[in-house]
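Spelled out from the first residue to the last, the chains are:
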Amino acid sequence: MKIGIAADHGGFELKETLKAFLINLGYQVVDFGAYRLDSLDDYPDLIIPLAQAVSSRDVERGVAVCGSGVGAAIVANKIPGVRAALINDHFSAHQGVEDDDMNLICLGGRITGNRVAEEFVQAFLEAKFSGAERHLRRLKKVIELEKK
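None of these values were measured; they are calculated from a predicted model. Sequence positions are assigned chain by chain, starting from 1 and proceeding in written order. The model is predicted, so local features are restricted to residues of pLDDT at least 70 and side-chain atom pairs to those at 80 or more, both for listing and for counting; the totals for chains, interfaces and linings are taken over all residues. As a rule here, side-chain values cover all heavy atoms of the structure and leave hydrogens and water aside.

Focus on the sheet that holds strand β5 (residues 104-108)
One key point about sheets: their strands pair by backbone hydrogen bonds, in either a parallel or an antiparallel sense.
Item 1. A pair of strands is considered paired only if DSSP assigns at least 2 bridges between the two. We count a stretch as a helix when DSSP gives it H or I for four or more residues in a row; a strand needs E for two or more, and each element gets its number in order from the N terminus. Strands sit in the order β2-β1-β3-β5-β4 across an open sheet of five strands; the sheet is parallel. If you trace the sheet from one side to the other, it starts and ends with β2 (28-31) and β4 (84-86), each paired once. Strand-to-strand, the axes of this sheet are offset by a mean angle of 20°, without reference to chain direction.
Item 2. Docked against the sheet, helix α2 (residues 43-55) engages β1 (2-7), β3 (61-66) and β5, running at close to 170° with respect to β3.
Item 3. It only takes one pair of heavy atoms within 4.5 Å for two residues to be counted as in contact. Throughout, an axis means a line fitted to C-alpha atoms (over the contacting stretch in the case of helices), and angles, computed between N-to-C directions, take values from 0 to 180 degrees. Here helix α5 (residues 114-126) sits on the sheet in contact with β1, β3 and β5, set at roughly 170° to β5.

A word on the layout of surface pockets
Item 1. In this model, the largest pocket occupies a volume close to 330 Å³.
Item 2. Surrounding the largest pocket, 14 residues form its lining, Arg57, Glu60, Arg83, Asp101 and Asn103 being those nearest its centre.
Item 3. Counting residues per element, the ones that place at least two in the lining of the largest pocket are α2 and α6 (133-146).
Item 4. For this classification, the nonpolar set comprises Ala, Val, Leu, Ile, Met, Phe, Trp, Tyr, Cys and Pro, the charged set comprises Asp, Glu, Lys and Arg, and every other residue, Gly included, is treated as polar. Residues belonging to the lining of the largest pocket are distributed by class as follows: five nonpolar, three polar and six charged.
Item 5. Computed from the structure, the second largest pocket encloses a volume of approximately 270 Å³.
Item 6. Space inside and on the surface of the protein is sampled on a 1 Å grid over the protein atoms alone, with a cavity defined as a set of points where a 1.4 Å probe fits but cannot get out and a pocket as an open set with protein on both sides within 12 Å along at least 5 of 7 lines; lining residues have an atom within 4 Å of a point. Taken together, 18 residues form the lining of the second largest pocket, with Asn77, Arg83, Ala84, Asp100 and Val142 sitting closest to its centre.
Item 7. Of all elements in the fold, only β4, α4 (90-100) and α6 reach the threshold of two or more residues within the lining of the second largest pocket.
Item 8. The dominant element in the lining of the second largest pocket, judged by the number of residues it contributes, is α6, at six residues.
Item 9. Residue composition of the lining of the second largest pocket, grouped by class: eight nonpolar, five polar and five charged. Grid points are joined across faces, edges and corners, and a volume is the space filled by probe spheres set on the points.

This is the structure we're talking about:
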């Protein structure tokens, strides 16, 4: 599976940890930056290209990290076709995929510890959309909203 990853300065250290973790698990990782710690970078400049790659399916799923994860979630969800969520618990990491077809996970580099973040990302990547009728019906409504 090809995974995109991006972070601003608030998530840079966690991104680097997660990148190594994902490569070790055998995932192909595309790094959208930041490539160095720069306290003046802006999360939209890094998260938007990642979200666009998820939307175009250049990568299958995305991992976005900023200081709290909130900004990353807000900007990622502005890109049609992206279903991103800020994740702070294990259940939501996989349930968001199973029920809502979440394709981009957002984490807070100043909030979530390395090992917990690894567990959340692994649960997210191993989860599969259930395709249940009720979930397809709801997903269709979300997709229709993006067309307006």
